[in-house]
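Structural overview
Residues per chain are reported as follows:
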Amino acid sequence: LGTEGFILRLARLLRVLRIAKLGRYSVAMQNIGQAIYLRRFELIVSFAIGVFALILSSSILYIVEGDIQPDYFESIPRAMWWSVATLTTVGYGDVYPITAIGRFFGAITAVVGIGLIAMPTGILAASFSDAIQNIKNNHSEND
């Protein structure tokens, strides 16, 4: 259907949004936004640590595997593909280290990736918990 199909899908989406009445959940969305805003510095620090880990792991794998696998690790930016897939715990398996030292640093990168995923998750969970506690305290004071 080409562009007509797109228009039909857009109309369906608008109907679903209208039915869902998202305005009902605006307080919840405000709480989520406030939780992220209150923990923005911690989230920025965890993002900076992630960028540092990305650059460090890419550099190490370039040094260790660059001569052995020049197709995949010919430069640090090319090695970043492997590093991103490993740090985000996706691990496509299309590129992987083959030397013992490369596998050792690959394992370290994978463990650091798990920590990098857990860090902002814990920060946001604590912030959401604080927001829910504040809502409960406000409701108990109003009663």
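First things first, this report covers the structure right here in the doc. (Residues numbered from 1 in each chain as written. Predicted model: local features only at pLDDT ≥ 70, side-chain atom pairs only at ≥ 80, totals over all residues. Heavy atoms only, no water.)

Digging into the overall build of the protein
On a plain count of helices and strands, the protein comes out with five helices and zero strands. Traced from its N-terminal end to its C-terminal end, the protein shows the element sequence α-α-α-α-α. On C-alpha atoms alone, the protein measures out to a radius of gyration of 22 Å, which is more than a quarter above the 15 Å that the 2.2 N^0.38 rule sets for 143 residues. Viewed in the frame of its principal axes, the protein has a C-alpha envelope of about 65 × 55 × 20 Å. Here the protein holds 143 residues, and the buried ones make up 23% of them. Long-range pairs, those at least 24 residues apart, make up 64% of the contacts in the protein with a sequence separation of at least 6. (Helix = DSSP H or I, 4+ residues; strand = E, 2+ residues; numbered from the N terminus. Rg over C-alpha atoms; globule rule 2.2 N^0.38 Å. Buried < 20%, exposed > 50% of the residue type's maximum accessible area, 1.4 Å probe, protein only. Contact = heavy atoms within 4.5 Å.)

A closer look at the pattern of salt bridges
The final tally for this structure, using the stated rule, is two salt bridges. Linking R39 and D130 is a salt bridge whose minimum nitrogen-to-oxygen distance equals 2.7 Å. One end of the pair, R39, is in the loop between α2 (26-38) and α3 (40-65); the other, D130, is in helix α5 (residues 100-142), and 91 residues separate them in sequence. (Salt bridge = Lys/Arg side-chain N within 4 Å of Asp/Glu carboxyl O.)

A look at the packing of aromatic side chains
In the structure shown here, the tally under the stated rule is three aromatic pairs. Ring centres of W81 and Y92 lie 5.5 Å apart, and the angle between their planes is 5°; on these two criteria the pair is classed as stacked. With W81 in helix α4 (residues 76-87) and Y92 in the loop between α4 and α5, this residue pair connects regions lying eleven residues apart in the sequence. Under the relative-accessibility criterion, W81 is labelled partly exposed at 43%. Plain terms: the ring middles of F104 and F105 are 5.5 Å apart, the flat faces sit at 70° to each other, and that makes the pair edge-to-face. Here the guanidinium or amino end of R40 rests over the ring plane of Y37, the centre of that ring lying 4.0 Å away. (Phe/Tyr/Trp six-rings, centres within 6.5 Å; stacked < 30°, edge-to-face > 60°. Lys NZ or Arg CZ within 6 Å of the ring centre and 35° of its normal.)

Here's the deal with the side chain of S57
Secondary-structure assignment places S57 in helix α3. For S57, a relative accessible area of 6% gives the class buried. Engagement of the side chain of S57 in a polar contact is seen with the backbone oxygen of L54, the distance being 3.2 Å. Ignoring anything within four residues of it in the chain, the contact list for S57 reads W82, S83, L87 and T109. (Polar contact = N/O pair within 3.5 Å; in protein donor to acceptor, adjacent residues only side chain to side chain.)

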